[in-house]
Every structure is written in C-alpha cells, then in structure tokens.
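Summary of structural features
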Amino acid sequence: MLKKRNMSLLALLILAAIMLVACGGAAGGTATEEVEGGDQGGAEGGEPAECAGDDFGCAVIEPGQTIKIGMGAPMTGDYAAFGVDISQGGEIAVQDAGEFNGFTFELVAEDDEGSGEGGAAVANRLVADPTVVAIAGHIFSGATEAAIPTYEERGIPMLSPSATNPPLTQMGSKVFNRVAFTDAVQGKFAAEYLYNTLGIRRLAVMHDGEAYGQGLAEVVAEEFGTLGGEVVATEAITPGESDYSAALAAVADADPEGLYYGGYVAEAVVLVNQMDSAGLEDVAFFGCDGTFGADFLEGTDQNGEGAYGTSLIPPSSPEKDAFDQAYEEQFGDPPGTLSPFTWNGYDSVAALIYAIEQVAILGDDGNLYIPRGALVAAVRGLTDYQGLGGTITCDETGECNATGPTFYVVQDGEWVSVNEAG
Amino acid sequence: MQQSAVSPSPRVRLPANSYGIVRSVLGLVLILFMAWRLYSMLTTGTFGVDTWARWATSGLTLGAMYAVVALGYTLVYGVLFMINFAHGEIMMIGAFTGYLVFEVFNGIVVNPATELTVLNAFPIVSVILAFLIGMTVSMISAFFLERIAYRPLRGAPRLVPLISAIGASIFLQNAAQLMFGPKRRYYENPGVLPHFQGWPVTIGGDSVVISYTGTLSVIVSIILMIGLYILVQRTRLGRAMRAVAEDKKTAALMGIDVDGVISRTFMISGALAGAAGVMWGLHFKVIVHVLGFVPGIKAFTAAVLGGIGNIPGAMVGGIFLGMVEALGPGLLGIDQQLQDVIAFSMLVLVLIFRPSGILGQVLNEEKV
C-alpha cells in the first residue's frame, strides 16, 4: 500500500517537473520577443505619438510581415462547410485588397469547431500573435460569445459574418460587431415589405414552434401590427409532418391576403403545396431565410410560383458577379453551394481591411503601426461602407447590416430577387 | 407507450374500485369540458361551413391511411400479442418503392416527339403497378423482418421482441437513409392524377377542393379493408390465423403450421403498410426516410383506440383518429398545433371508459 502511494507520488512529481519546465520555456520565449520588439521601436524612434495615446497600444507590423486578420470558424466536423465557405469568401477579400503601403493582408482561419470551448481556445491562440489586428468572426454564436472577452481585453475588433444570436450585441461589448442580420432585423424588414411594398393589410402568421421560426414570426406579427396591418390568424404547426391541410384550412377561414411562415424548407414545401386545396388560392406565401433554397423550388414545383423568400445572397451587381467568378475559379464550386454566408465572409473581411487602412500609420522606421483602440472605434464607426450585401453602417451596439436581407420571389421556377423581378 | 399497449389487452385486470371512481370522475370532467367548448364553438359560429368541410375531407383522407396502417398493427398483435414498432418503416419502404417505380416509368420515353413517358401514356397501369410492386416489396421486407428480428425471440418474454422491434425500426430507418440519402424526394404523379388538385365543390359560398389523390386513397383503403375482412373471415388462411390468435398450442395440435401462419400474417400486414406508403406518396408528394415514424405512432394509437387485435376496430379507430385530428382543434376552439394532444386525449378517454377500445368488447364476446 505504502509502496504504491510512493510510486504515484513520484509519478506526480515527475509530471509537475515536466510541466514546470515546459511552461517556463514558453514564458521565457514570449518575454524575450516582447523585449526585442520594444527595443526596436524605442531605439529607432519610429513609433508615432498615436500609439502612446492609445488605450491598447499599437500593433507593430515589420516589413516582411503580413497584417493578419483572424477568423474562428468550424473547419472540421459537421459544420465544416460553413467555416470553409466563409473563410474562402474572406480569402477573396484579402486578394482584392492587394498591397497597402507595401504590406499585404493575411486571413488566418483557425478551427474552433463552432463550440464555446473551441471559440475561447482559438481566441487565446490568435491574441498571442501580435500581428493579428482584427477578427472576422467568429462564425457560430456560441463560439463568438466565448471568444468576445479575450478580444475585449486586448482591444481587437470583431466583425462577424454569421453570428446571429440577438443577445451578442446586447452585452455591452465594445469590440463585437456583425454584418449578419439577426432574426429581429429580418422580421422587421419582412413586415415592412409585406405592408408597404406588397400592400398587404390582412396577414396570417404561421410558424413551426421552434426558437428560430416562432421568434421570427412573432417579430413579423408585432412589426406588422405596428405598421397598421392586422394579423388575422396565428397558427403553429408540428414540424416534420406531411399534412398541414387542417391548420391551413383554419387560416383560410380568417380570409388573409398574405401568409408569413417562420420555419424551415421541409414544412414550407408541404404548406405551399397544400395552400390551394385548403382554400388559400390567391394568398401570397412569404417565407424566411430558412425556407429559401433550391429544395423549395423542387418540392413546390408549380405551386411555388409567386412565393416569396428571404436570403443572405445579395442581389446581382457587378461586384457580386466579379466575386462569384473569382470564387468559382479558385474553389471549383459556385458560391452558395456550401453555405449562404460566403458573401458575408467577403464583406466582413473587406470592411475590416477598410477600417485598418483608415487608422494604420506608416512609421519612419518602415514599420506599420496600427493603434488598436482606434481600430476598435473605426470598426464600430463604419458608415455607408458598400459591401456586396448592401450598406454596412454600424450602430452603437455593433449591428452593422443596414440594408437588411434581400427578398426573392419564385418566377418560372427560379428564385429572382424582387428588384429584378418583372 | 408500453403501458397503453398492454392495458387494453383483455388479460389485464384493473384493480380496486376507488381507483375506478377517480378515473370515471376525471373522464366525466374532461367530457363535460369538451362538450362545453363544443357548444360554445358551434353557437358562436367561429368557423365557416366551408372550413368544416375542408377539415372533414382532410381528416377522412388521413384517417383512411391511418386505418390501413393500423390494420397491420392489429393483425400482428392478434396473432403474436406484440407491437410491431417497425411497421411504420415497412410503410416507408412501400413509399420509396412506389417512388422508384414512378421514376423508372417516367424515365422511359414512348413517344420522343412529345416526350411522352410510360407514366403518362399508361397512367392507370402505372399506378396499379406502383401499388402492386410497393406492396410486394413491403411484403418481402416484413417477411424478413419477422424472420430476423422476431422469430428467434418467439419463446422470450413479451418485452424482448418489443425492444427488438424498436431496434428493427431504427435499423430500417438508417438503412433507408444510407440507401436513399437524407434528402426529401418528391413523387412524380402521372398527369391524370396531379397532387393537391381536385373537384371543386361549392359549400357555404366557397369552393372546397375534393382532391383526386385523397379520393383514390379512400377508395383503395376501403377495397383493402374489405379484402382483408374477406381474407380473415372466409379463407383457410384466415381461419388458421384466427385459430393461432385464439391459442397457438391448440392450433399447432390441430395441425396448423403456426410459424407459417405468423409469417404470412406479417406478409399481409407488410403489404397493407406498403399500399399505405404508396398512397402517402401519391397524396402528400414528399417522402423522406423518417416518414414512417409519425404515421406509425398514430396508426398504433388508432389500433388501440379501436381495440387492438380487432380488424373492424382498426378501421374505425383510424378514421376516428383522422377525423378527431382534423376537426378536434376547430371543435374545441384551440390551436391546430394541439391536434395531437386532442388525439391522444381521446385515446385516454376511450381507454378510461372502454379499456379494450371502441370495438374491443365485440372481440371478447366472440372469443368467449
């Protein structure tokens, strides 16, 4: 017994010793680097005055180094498609940016697996590199939430292409911003479109009872009421079933002019197919970004004609076409095949590059100085920046999507953006 | 689920009287509440006549399909006293088979000039073939299901084949996902039998659509039910099935091949499920590997409602459940999402007052 305990004690001691040695080595290494950096800046006197006045100091990019923009994204696992796709969109933004005062940009996409733990780990890894000045991310809301405190501490601004969870901008963070529109924003724009553009006054609202669909439907109902319209029926359905004709008949009884649905494509297909026979022949179907996609077209066929959908995919423009072409040339598939967020990935990185170029100062010593505090303010202060998906203007909480989603309508079996629809 | 599966069986004796009184009072309160809601909904005239008609048609269509699936549960329960939880998956196999038959027919072009395919050139033959092939494939699946998952457990306690059934259900669902992918598929109906269209009938000043596919489903269901009734009541196999249901040991002593009868019972129930699957696809268009689960549970409920082990009971239970689901929320003036709550509340109510189901007693008398 005693012998055994002795053995385990010994093992523990050895382990502790190994860890101490490892940690000591690592700590020592960082310390020397920092000292070196400080020496250079001080000795040559290249550091501009802005750096001393900045709360977080300057990021120093020496000639030959790249200006790094970090990204925490799921690059492996179930959601790898999102991470890969969004970082590919960002990659093109980096290429488009080209050289800035002789420096180039680099996108560093680290795998956070979309999880909270992964998000925190990636954030710590990225802040350890002093040349990482901004973060285009993270991709998933959970990972983003876990990562925010680390960036907050170091004064590194974030501009997420896809973290849509509403509370993220309500936590008083100075560094977190996003170009993705939240469900609340989408619902508001949808209600306005229904009321103002389509001229609908009697609206029926349906949802699948899930957090996403119900939340969206409630926002639409509320906004629609505020605008002066009447919500004549509200029905929830159980997701995953093949028959919603009874619920639709109940909606038809209220005689609506339009039907808004918050939920996913599987249920939307069933609903749209059964609308006519349930007595909703002349009623416009209005879906959300969950119901948008090729699957909707295939499933609804003739019945889908005239149905509306919402998407992140921006309407066609020369810039978007150029992006689409570059994306397909480099990565093989047309954009949008992996996720609908790749355009946001581009916008996010491009807007960060724009903000960096606003604040960066080329020192006399040839180093590029980027005052971190000023960059945080510059990203939050983005105004009327034209991205692929529309105007980016950040409000005081960090919501930067000023255009809202793009609305699409089914015409001749294709999704056509409403601006181009005949 | 196991509870409700067992309780309606005539073998379970309900305990003490005080428990019975509580039950009755609870049931009465529920019935009174429902009656009050019903009265207030009908007197206020919240919904138009056309809406009631639409609910009734959709309830009847769904109910007819539930009934056909419920027959399979009831048949198997009748001879084996076990719930075949993989029955919904057999239905799914039928739906996919019908889909593939239509896809093949739609791929063969008869007249290149007009791009006329076999599907549209011979629509009636195509539909009949889809039903027959769907039923055959489901029948074969059910045969192997019984051989592999249930027969080795014939002597085991009742819970064991039940667990095996759930396992088989999960296996079949995943196998279908591997074979067909998780993507939803859409039935390509022949031109004469389009989805979601039908004869308009003017009721209450608005036109109510009586769908073609729904009508077809109801007719096919009725044919299948009559066919099954004749098979069970008038043929040698039917007599053997009834004998096995009565008493396996005695049946074996009378020279009946019990295993063979059980096997054939599974095949008949599989064929019914296959037909229901094809109807499902024809009527609802969307099929996916998990499609069997919900109708499976509902049909099981229908079978229990009608009195499990009882063939007319399954028919009545199916139609009753479909109608309650469609009309219930409107009658009680509550959200349509709660249709399942109403359906299962009806199950509870029926079981409180008639523990062996709506027609369960008839079976007992016959057996006695």
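Residues numbered from 1 in each chain as written. Chains lettered and ligands numbered in written order. Predicted model: local features only at pLDDT ≥ 70, side-chain atom pairs only at ≥ 80, totals over all residues. Heavy atoms only, no water.

Some words on the sheet that holds strand β1 (residues 58–61) of chain A
Residue and element names in this part refer to chain A. The three strands lie next to each other as β1-β14-β13, forming an open sheet whose pairing is antiparallel. The open sheet is flanked by β1 and β13 (361–362), the only strands paired with a single partner. Examined bridge by bridge, β13 and strand β14 (residues 368–371) share two bridges and lie antiparallel to one another. Bridging across to β14, I361 finds its partner in Y369. Here helix α13 (residues 372–380) sits on the sheet in contact with β1 and β14, set at roughly 60° to β14. (Pairing = 2+ DSSP bridges. Helix = DSSP H or I, 4+ residues; strand = E, 2+ residues; numbered from the N terminus. Contact = heavy atoms within 4.5 Å. Axes fitted to C-alpha atoms, helices over the stretch in contact; angles between N-to-C directions.)

Overview of the interface of chain B and chain A
Contacts between chain B and chain A engage 26 residues on the former and 33 residues on the latter. Summed over the shared surface of chain B and chain A, the number is two salt bridges. Between B:R184 and A:D295 there is a salt bridge, and its shortest N-O distance comes to 2.4 Å. On the surface where chain B and chain A come into contact, there are twelve residue pairs in polar contact (both at pLDDT 80 or more). Residue contributions to the side of chain B that touches chain A peak at five residues, all from helix α3 (residues 49–80) of chain B. In the side of chain B that touches chain A, the residues fall into eleven nonpolar, eight polar and seven charged. (Salt bridge = Lys/Arg side-chain N within 4 Å of Asp/Glu carboxyl O. Polar contact = N/O pair within 3.5 Å; in protein donor to acceptor, adjacent residues only side chain to side chain. Nonpolar A, V, L, I, M, F, W, Y, C, P; charged D, E, K, R; others polar.)

As for the packing of helix α4 (residues 87–107) of chain B against helix α7 (residues 159–180) of chain B
All names here are of chain B. For the pair α4 and α7, the least separation of the axes is 9 Å and the interaxial angle reads 20°. One element, α4, and the other, α7, form an angle in the roughly parallel class. Judged by the sense of rotation from one axis to the other, the crossing of α4 with α7 is left-handed. Here E89, I90, M92, I93, F96 and L100 of α4 lie close against α7, whose contacting residues are S169, L172, Q173, A176 and F180. Considering only residue class, the contact of α4 with α7 consists of eight nonpolar, two polar and one charged. (Parallel < 35°, antiparallel > 145°, perpendicular 65-115°, else oblique. Left-handed = near helix turned anticlockwise from the far one by under 90°.)

Topic: the side chain of A:N344
All names here are of chain A. With respect to the element layout, N344 can be found in helix α12 (residues 342–359). The class for N344 is buried, based on a relative accessible area of 7%. Sequence-distant contacts of N344, defined by excluding residues within four places in its chain, comprise P161, V179, A180 and L312. (Buried < 20%, exposed > 50% of the residue type's maximum accessible area, 1.4 Å probe, protein only.)

Topic: empty space enclosed by the protein
Residue and element names in this part refer to chain A. Here the structure, examined in full by the defined rule, presents two cavities of 30 Å³ or more. Approximately 120 Å³ is the volume found for the largest cavity. If you trace the largest cavity, you find 15 residues lining it, with V179, N344, G389, G390 and N401 closest to the centre. Breaking the lining of the largest cavity down by element, the ones donating at least two residues are α12 and β16 (390–392). Of all the elements, β16 adds the most residues to the lining of the largest cavity, at three residues. Taken together, the residues of the lining of the largest cavity sort by class into five nonpolar, nine polar and one charged. (1 Å grid on protein atoms, 1.4 Å probe; cavity = no way out; pocket = protein on both sides within 12 Å on 5 of 7 lines; lining within 4 Å. Points joined across faces, edges and corners; volume = space filled by probe spheres on them.)

What about the confidence of the model for chain B?
Residue and element names in this part refer to chain B. When pLDDT is averaged along chain B, the result is 87, and 93% of the positions lie at 70 or above. Counted against residues more than four places away or in other chains, residues 362–368, with its pLDDT under 50, gives seven contacts. Here the complex is predicted with pTM 0.76, and the ipTM for its interfaces comes to 0.83. (pLDDT = per-residue confidence, 0-100.)

A look at helix α6 (residues 183–197) of chain A
All names here are of chain A. For α6, built from 15 residues, the straight-helix expectation of 21 Å at 1.5 Å per residue is met to within 8% by its first-to-last C-alpha distance of 20 Å. Buried within α6 are the following residues: Q186, G187, A190, A191, Y193, L194 and Y195. Considering only its buried residues, α6 is in contact with β8 (202–207), α7 (211–227), β10 (258–262), β11 (284–286), β12 (308–311) and β17 (406–411). In the segment just after α6, G199 is the residue with positive phi, at about 70°. (Expected span 1.5 Å × (residues − 1).)

Quick word on the layout of surface pockets
Residue and element names in this part refer to chain A. One number sums up the size of the largest pocket: a volume of about 1,100 Å³. Looking at the lining of the largest pocket, the elements with two or more residues in it are α3 (80–97), α6, α10 (294–300), β12 and β18 (414–417). Ranked by residues supplied to the lining of the largest pocket, first place goes to α10 with three residues. Tallied by class, the residues present in the lining of the largest pocket amount to 20 nonpolar, 13 polar and four charged.

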